[in-house]
Amino acid sequence: MHDFSKLSQLGWRTHFQQQLSLQELETQQAYRVIAQHRSGYQLAGVSGEYHLAIGHSMPLITVGDWLLLNNDMSFYRLLKRTSLFSRKAPGSKLDTQLIAANVDTAFIVCSLNYDFNLGRIERYLSLVNQANVEPVLVLSKLDVCTDPDIYIDQLKQLNSNLIIEQVNGLDASSTSVLQPWCKDGQTVVFIGSSGVGKSTLANTLANSETFATGGIREDDSKGRHTTTSRALKQIALGGLLLDTPGMRELQLTDCEHGVSSTFDDIQKLEQQCRFNNCQHQNQPGCAVTAAIEAGELEPRRLLNYQKLLREQANNTASLAEKRAHFKSQTKMYRNIQTESRKRKKNN
Ligand SMILES: Nc1nc2c(ncn2[C@@H]2O[C@H](COP(=O)(O)OP(=O)(O)OP(=O)(O)O)[C@@H](O)[C@H]2O)c(=O)[nH]1
Ligand SMILES: [Zn+2]
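All values derive from a computational prediction rather than experimental measurement.

**Q** So, the domain arrangement of the chain: which residues are in play, and what are the values?
**A** For the chain, the assigned domains read domain 1 (4-80), domain 2 (99-212 + 228-249) and domain 3 (258-316). Centre-to-centre, using C-alpha coordinates, domain 2 lies 28 Å away from domain 3. Between domain 2 and domain 3, roughly 920 Å² of surface is buried when both sides are summed, and carbon and sulfur atoms account for 39% of that area. Of all residues in domain 2, E122, R123 and S126 give up the largest surface area on contact with domain 3, accounting jointly for 50% of the area buried on that side. Joining domain 2 to domain 3, the criterion identifies three salt bridges. Summed over the shared surface of domain 2 and domain 3, the result is 10 residue pairs in polar contact (both at pLDDT 80 or more).

**Q** Outline the coordination of the zinc ion (ligand 2), listing residues and values.
**A** Donor atoms from the polypeptide that bind the zinc ion (ligand 2) are C273 (SG), C278 (SG), H280 (ND1) and C286 (SG), placed at 2.2 to 2.4 Å. Angles of 103 to 118° at the metal separate the four donor atoms of the zinc ion (ligand 2), which places the site in the tetrahedral class. Taken in sequence order, the residues that donate to the zinc ion (ligand 2) follow the motif C-x4-C-x1-H-x5-C. Taken individually, C273 and H280 each receive the classification buried, so the pair is uniform in this respect.

**Q** Just give me the short version of the packing of aromatic side chains, but keep the residues and values in it.
**A** Taken as a whole, this structure holds eight aromatic pairs when the rule is applied. Both rings, one in W12 and one in F16, keep their centres 5.7 Å apart while their planes meet at 35°; by these two values the pair is tilted. Summarising the burial analysis for this pair, W12 and F16 share the class buried. Put simply, the rings of F4, W12, F16 and W66 touch in pairs and so form one group of aromatic residues.

**Q** Any details on the side chain of N304? Residues and values, ideally.
**A** In this fold, N304 is placed in helix α11 (residues 299-346). A polar atom in the side chain of N304 sits 3.3 Å from the backbone oxygen of G119. Polar contacts involving the side chain of N304 include one to the side chain of E122, which spans 2.6 Å. Residues in contact with N304, not counting those within four places in the same chain, are G119, E122 and F263.

**Q** I'd like a rundown of the pattern of salt bridges, residues and numbers included.
**A** All chains considered together, the criterion is met by nine salt bridges. Two residues, E122 and R300, come together in a salt bridge whose shortest N-O distance is 2.9 Å. One end of the pair, E122, is in helix α4 (residues 118-131); the other, R300, is in helix α11, and 178 residues separate them in sequence. Between K342 and E339 there is a salt bridge, with the nearest N and O atoms lying 3.8 Å from each other. Separated by three residues within a single helix, K342 and E339 lie in helix α11, roughly one turn from each other. Several salt bridges share partner residues, and in doing so they unite E122, D265, E298, R300 and R301 into one network.

**Q** Explain the pairing of strand β1 (residues 29-36) to me, and be specific about the residues and the numbers.
**A** Each regular strand carries side chains that alternate between the two faces of the sheet. Among the eight residues in β1, six count as buried, and that is most of the element. Across four bridges, β1 lies against strand β4 (residues 66-69) in antiparallel orientation. Residue pairing for β4: R32 is matched across the bridge by W66. Both β1 and strand β2 (residues 40-45) contribute to a ladder of four bridges, which runs antiparallel. Paired with R32 across the strands is A44, a residue of β2. Sheet analysis places β1 next to strand β12 (residues 230-234), joined by two bridges and oriented antiparallel. Across the sheet, the residue bridging to Q36 is R230, located in β12.

Basis of the calculations
Residues numbered from 1 in each chain as written. Chains lettered and ligands numbered in written order. Predicted model: local features only at pLDDT ≥ 70, side-chain atom pairs only at ≥ 80, totals over all residues. Heavy atoms only, no water. Domains from an automatic or database assignment. Buried area = accessible area lost by both parts, 1.4 Å probe. Salt bridge = Lys/Arg side-chain N within 4 Å of Asp/Glu carboxyl O. Polar contact = N/O pair within 3.5 Å; in protein donor to acceptor, adjacent residues only side chain to side chain. Donors = N, O, S within 2.8 Å, 3.2 Å for Na, K, Ca; no water. Tetrahedral: all angles 85-135°; square planar, octahedral: opposite > 155°, others 65-115°. Buried < 20%, exposed > 50% of the residue type's maximum accessible area, 1.4 Å probe, protein only. Phe/Tyr/Trp six-rings, centres within 6.5 Å; stacked < 30°, edge-to-face > 60°. Helix = DSSP H or I, 4+ residues; strand = E, 2+ residues; numbered from the N terminus. Contact = heavy atoms within 4.5 Å. Pairing = 2+ DSSP bridges.

Now the structure itself:
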């Protein structure tokens, strides 16, 4: 039988429970994927942890997913997700890589120094909005910044509703502002460039050295995956944290909704342009250009919006094209094989 209070500590919600039939409630057990390794998945459930080997008939599964297992611990089915992070798989021409599922909050970490870059933050926000996850902007290294307000003012201009927190990741009294998102089975993913202090922050919140600082790398350019095991770690506060070391090179794919909602100010303006297909380049009646001229919209923001939209469209199209090409090639090889078999038989 299911012990739902125990499962809720692992992030179980009514969204998942509603998917179970009466029969499944009696005969299957729910497990959460807490880590992903080359050979399989580490699962956690009411009766403890279990290693599930990857099987041929399984769908694509990622850290954070909820699975139903049969009594003999074999895979039964994957439950529908509340949210899903994915990106174009580094080094692969064909695949989308799943990063994490069923995440509640994304801490977008950027340090209050050289790393601060509005364009990059908009890119991360697009990914997080597409995944259907709540973003929290975490500005790290507060202790080495003399004037954080300069940065905060710029961020507020992106979207006045953004949740922004400033922390010194090395100091628990400072990171406590993030505790409300890290309790009671809530799942938090950390994203941000290398060296901004994600692992340091996660360790301080965990009150232990659970997450490796520095170190773990994934070679994006050549697609070599060194240490790609991703793991959800439960901390004493009750939340489950996922550090993502391999997110340095982040190309958007299938992300139109995410980009649009990140730039909803421009979206609203676009609807007021005289022409539906307005390019916002000196076309008559362009509301976007008018907003720029009135100083209400930064030209940088428009350029980044257009760039991210193009990038995700190009990646989505090229993935679709490559998949189609792969399919037609496979079909061609199969036909050649069948023909040659027929010929041999007739000889
Ligand atoms: N002064 C100061 N240093 C920090 C802070 N947060 C992290 N650091 C330092 O910054 C360096 C990088 O921190 P990490 O936590 O490894 O960064 P990361 O984002 O996890 O990096 P990757 O694992 O490469 O993605 C370490 O030397 C930390 O000690 C902070 O708030 N203040
Ligand atoms: Zn326009």
